[in-house]
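Listed below, chain by chain, are the residues.
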Amino acid sequence: DWLWSNFVDAFQKARMGDYLLNTVEVTAMALVMLLVIALPASYVLARFNFIGKKFLNALFMAGLFVNVNYIVLPIFLMFFKADTLLGFDLFLNNKFFLALVYAATSLPFTIYLLTGYFKTLPKAYEEAARIDKYIATAKPVKDGRVELIHYIKEQSISFEYHRYGSILEVPPVE
(Lines give C-alpha, C1' and ligand atoms only; values in the text may rest on other atoms or scores of the structure.)
Protein backbone atom coordinates (compact mmCIF):
# COMPACT_ATOMS: atom_id res chain seq x y z
CA ASP A 1 0.00 0.00 0.00
CA TRP A 2 1.34 3.45 -0.90
CA LEU A 3 1.45 5.73 2.15
CA TRP A 4 3.53 8.73 3.15
CA SER A 5 4.25 6.96 6.41
CA ASN A 6 6.33 4.41 4.47
CA PHE A 7 8.92 7.12 3.83
CA VAL A 8 8.99 7.99 7.53
CA ASP A 9 9.37 4.31 8.40
CA ALA A 10 12.22 3.93 5.91
CA PHE A 11 14.12 6.82 7.46
CA GLN A 12 13.44 5.89 11.06
CA LYS A 13 13.12 2.12 11.31
CA ALA A 14 15.39 1.12 8.43
CA ARG A 15 17.95 3.88 9.22
CA MET A 16 17.91 5.21 5.66
CA GLY A 17 18.92 8.64 6.93
CA ASP A 18 22.16 7.20 8.34
CA TYR A 19 22.88 5.41 5.08
CA LEU A 20 22.18 8.56 3.10
CA LEU A 21 24.57 10.55 5.31
CA ASN A 22 27.26 7.87 4.91
CA THR A 23 26.83 8.02 1.15
CA VAL A 24 27.20 11.80 1.12
CA GLU A 25 30.31 11.66 3.34
CA VAL A 26 32.03 8.95 1.28
CA THR A 27 31.15 10.64 -2.00
CA ALA A 28 32.46 14.00 -0.77
CA MET A 29 35.74 12.46 0.43
CA ALA A 30 36.17 10.54 -2.83
CA LEU A 31 35.47 13.68 -4.87
CA VAL A 32 38.02 15.73 -2.94
CA MET A 33 40.67 13.00 -3.29
CA LEU A 34 39.89 12.61 -6.98
CA LEU A 35 40.11 16.32 -7.72
CA VAL A 36 43.30 16.81 -5.69
CA ILE A 37 45.00 14.12 -7.77
CA ALA A 38 43.28 14.45 -11.16
CA LEU A 39 43.33 18.22 -11.67
CA PRO A 40 47.11 18.72 -11.46
CA ALA A 41 47.81 15.46 -13.32
CA SER A 42 45.44 16.41 -16.14
CA TYR A 43 46.84 19.90 -16.39
CA VAL A 44 50.40 18.63 -16.64
CA LEU A 45 49.48 16.00 -19.24
CA ALA A 46 47.63 18.61 -21.30
CA ARG A 47 50.08 21.51 -21.15
CA PHE A 48 53.64 20.25 -20.68
CA ASN A 49 55.96 18.11 -22.78
CA PHE A 50 58.20 15.73 -20.84
CA ILE A 51 59.77 12.32 -21.14
CA GLY A 52 57.21 9.60 -20.55
CA LYS A 53 54.17 11.74 -21.34
CA LYS A 54 52.95 9.36 -24.04
CA PHE A 55 53.46 6.39 -21.74
CA LEU A 56 51.45 8.03 -18.93
CA ASN A 57 48.66 8.95 -21.34
CA ALA A 58 48.60 5.36 -22.61
CA LEU A 59 48.58 4.07 -19.03
CA PHE A 60 45.55 6.17 -18.11
CA MET A 61 43.84 5.21 -21.37
CA ALA A 62 44.45 1.54 -20.53
CA GLY A 63 42.89 2.16 -17.14
CA LEU A 64 39.66 3.03 -18.93
CA PHE A 65 39.38 -0.57 -20.12
CA VAL A 66 39.55 -2.04 -16.61
CA ASN A 67 36.00 -2.82 -15.57
CA VAL A 68 35.48 -1.93 -11.92
CA ASN A 69 33.20 -4.94 -11.44
CA TYR A 70 36.15 -7.26 -12.07
CA ILE A 71 38.41 -5.71 -9.44
CA VAL A 72 35.93 -5.16 -6.59
CA LEU A 73 36.24 -8.68 -5.19
CA PRO A 74 40.08 -8.75 -5.31
CA ILE A 75 40.22 -5.36 -3.57
CA PHE A 76 37.82 -6.59 -0.88
CA LEU A 77 39.84 -9.79 -0.38
CA MET A 78 43.07 -7.79 -0.18
CA PHE A 79 41.57 -5.50 2.49
CA PHE A 80 40.12 -8.50 4.35
CA LYS A 81 43.47 -10.27 4.40
CA ALA A 82 45.26 -7.11 5.57
CA ASP A 83 42.73 -6.67 8.39
CA THR A 84 43.14 -10.33 9.38
CA LEU A 85 46.92 -9.94 9.53
CA LEU A 86 46.60 -6.76 11.60
CA GLY A 87 44.05 -8.30 13.93
CA PHE A 88 41.63 -5.37 13.78
CA ASP A 89 39.47 -3.57 11.23
CA LEU A 90 41.49 -0.86 9.55
CA PHE A 91 40.62 -1.21 5.88
CA LEU A 92 37.13 -2.67 6.03
CA ASN A 93 34.30 -0.71 7.66
CA ASN A 94 36.28 2.47 7.08
CA LYS A 95 34.79 5.36 5.11
CA PHE A 96 38.17 6.78 4.17
CA PHE A 97 39.39 3.60 2.48
CA LEU A 98 36.05 3.15 0.73
CA ALA A 99 36.36 6.70 -0.61
CA LEU A 100 39.94 5.93 -1.64
CA VAL A 101 38.79 2.91 -3.65
CA TYR A 102 36.05 4.99 -5.30
CA ALA A 103 38.54 7.73 -6.18
CA ALA A 104 41.13 5.26 -7.50
CA THR A 105 38.64 3.50 -9.74
CA SER A 106 37.40 6.82 -11.14
CA LEU A 107 40.86 8.29 -11.68
CA PRO A 108 41.57 7.10 -15.27
CA PHE A 109 38.32 8.46 -16.67
CA THR A 110 38.60 11.72 -14.76
CA ILE A 111 42.16 12.33 -15.95
CA TYR A 112 41.16 11.45 -19.51
CA LEU A 113 38.19 13.84 -19.38
CA LEU A 114 40.02 16.74 -17.73
CA THR A 115 43.08 16.39 -19.99
CA GLY A 116 40.82 16.83 -22.99
CA TYR A 117 39.23 19.85 -21.36
CA PHE A 118 42.55 21.51 -20.51
CA LYS A 119 43.75 20.99 -24.10
CA THR A 120 40.79 23.06 -25.34
CA LEU A 121 41.54 26.07 -23.12
CA PRO A 122 43.40 28.80 -25.01
CA LYS A 123 46.99 29.32 -23.88
CA ALA A 124 46.29 33.05 -24.02
CA TYR A 125 44.62 32.74 -20.61
CA GLU A 126 47.85 31.51 -19.06
CA GLU A 127 49.90 34.15 -20.85
CA ALA A 128 47.58 36.89 -19.63
CA ALA A 129 47.80 35.53 -16.12
CA ARG A 130 51.60 35.51 -16.29
CA ILE A 131 51.57 39.10 -17.44
CA ASP A 132 49.33 40.03 -14.52
CA LYS A 133 51.64 38.00 -12.24
CA TYR A 134 48.90 35.68 -11.02
CA ILE A 135 50.81 32.46 -11.69
CA ALA A 136 53.40 31.10 -9.27
CA THR A 137 56.91 31.60 -10.61
CA ALA A 138 60.20 30.14 -9.48
CA LYS A 139 62.79 32.77 -8.64
CA PRO A 140 66.45 31.82 -8.00
CA VAL A 141 68.14 33.30 -4.96
CA LYS A 142 71.82 34.09 -4.28
CA ASP A 143 72.74 30.74 -2.69
CA GLY A 144 71.24 28.65 -5.51
CA ARG A 145 68.01 27.68 -3.78
CA VAL A 146 64.71 28.21 -5.55
CA GLU A 147 61.88 29.92 -3.75
CA LEU A 148 58.32 29.60 -4.90
CA ILE A 149 56.82 33.05 -4.92
CA HIS A 150 53.18 33.69 -5.68
CA TYR A 151 52.51 37.15 -7.01
CA ILE A 152 48.92 38.24 -6.66
CA LYS A 153 49.22 41.86 -7.76
CA GLU A 154 51.80 44.56 -7.39
CA GLN A 155 49.27 46.66 -5.58
CA SER A 156 48.54 46.11 -1.92
CA ILE A 157 45.91 43.50 -1.07
CA SER A 158 44.59 45.37 1.89
CA PHE A 159 42.53 48.43 1.18
CA GLU A 160 41.37 51.05 3.58
CA TYR A 161 37.74 51.81 3.15
CA HIS A 162 36.56 55.32 3.97
CA ARG A 163 32.94 56.16 4.25
CA TYR A 164 32.00 59.65 3.16
CA GLY A 165 28.30 60.05 3.69
CA SER A 166 26.59 57.13 2.00
CA ILE A 167 29.29 56.58 -0.65
CA LEU A 168 31.95 53.93 -0.06
CA GLU A 169 35.25 54.89 -1.70
CA VAL A 170 38.50 52.95 -2.06
CA PRO A 171 41.58 55.16 -1.76
CA PRO A 172 43.98 55.01 -4.71
CA VAL A 173 47.02 52.75 -4.38
CA GLU A 174 50.22 54.74 -4.08
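Placed above this text is the structure.
Figured I'd write up the structure that's included with this text. (Residues numbered from 1 in each chain as written. Predicted model: local features only at pLDDT ≥ 70, side-chain atom pairs only at ≥ 80, totals over all residues. Heavy atoms only, no water.)

**Quick notes on a nonpolar patch on the surface**
Piece 1. A cluster of nonpolar side chains, V44, F48, F50, F55, L56 and L59, forms an exposed patch at the surface whose accessible area comes to about 520 Å².
Piece 2. For the nonpolar patch, the element with the highest residue contribution is helix α3 (residues 53–63), accounting for three residues.
Piece 3. With respect to the helices, strands and loops of the structure, L59 is situated in helix α3. (Patch = residues over 30% accessible without salt bridge, like charges linked within 9 Å, V, L, I, M, F, W, Y side chains within 5 Å. Areas by Shrake-Rupley, 256 points an atom, 1.4 Å probe, with all protein chains shown as cover. Salt bridge = Lys/Arg side-chain N within 4 Å of Asp/Glu carboxyl O. Helix = DSSP H or I, 4+ residues; strand = E, 2+ residues; numbered from the N terminus.)

**Some words on unusual backbone geometry**
Piece 1. The residue R15 is not glycine, and still its phi comes out positive at about 60°.
Piece 2. Checked against the element boundaries, R15 lands in the loop between α1 (5–12) and α2 (16–47).
Piece 3. Positive phi values are uncommon outside glycine, yet N93 reaches one of about 55°.
Piece 4. Inspection of the secondary structure assignment puts N93 in the loop between α4 (68–86) and α5 (95–120).
Piece 5. Under the relative-accessibility criterion, N93 is labelled exposed at 77%. (Buried < 20%, exposed > 50% of the residue type's maximum accessible area, 1.4 Å probe, protein only.)

**Remarks on the pattern of salt bridges**
Piece 1. The tally for this structure, following the rule as stated, stands at three salt bridges.
Piece 2. Taking the shortest distance from any N to any O, the salt bridge between D9 and K13 comes out at 3.9 Å.
Piece 3. With a relative accessible area of 69%, K13 lands in the exposed category.
Piece 4. One salt bridge in this structure joins D18 and R15, with 3.1 Å as the shortest N-O distance.

**Topic: the nonpolar core**
Piece 1. By size, the foremost hydrophobic cluster in this structure holds 14 residues, and its most contacted members are A38, A99, L107 and I111.
Piece 2. Put simply, the parts of the chain that give this core at least two residues each are α2 and α5.
Piece 3. With seven residues, the top contributor of residues to this core is α2.
Piece 4. Excluding anything up to four places from it in sequence, A99 contacts V26, M29, A30 and M33. (Core = buried A, V, L, I, M, F, W, Y, C linked by side-chain atoms within 4.5 Å. Contact = heavy atoms within 4.5 Å.)

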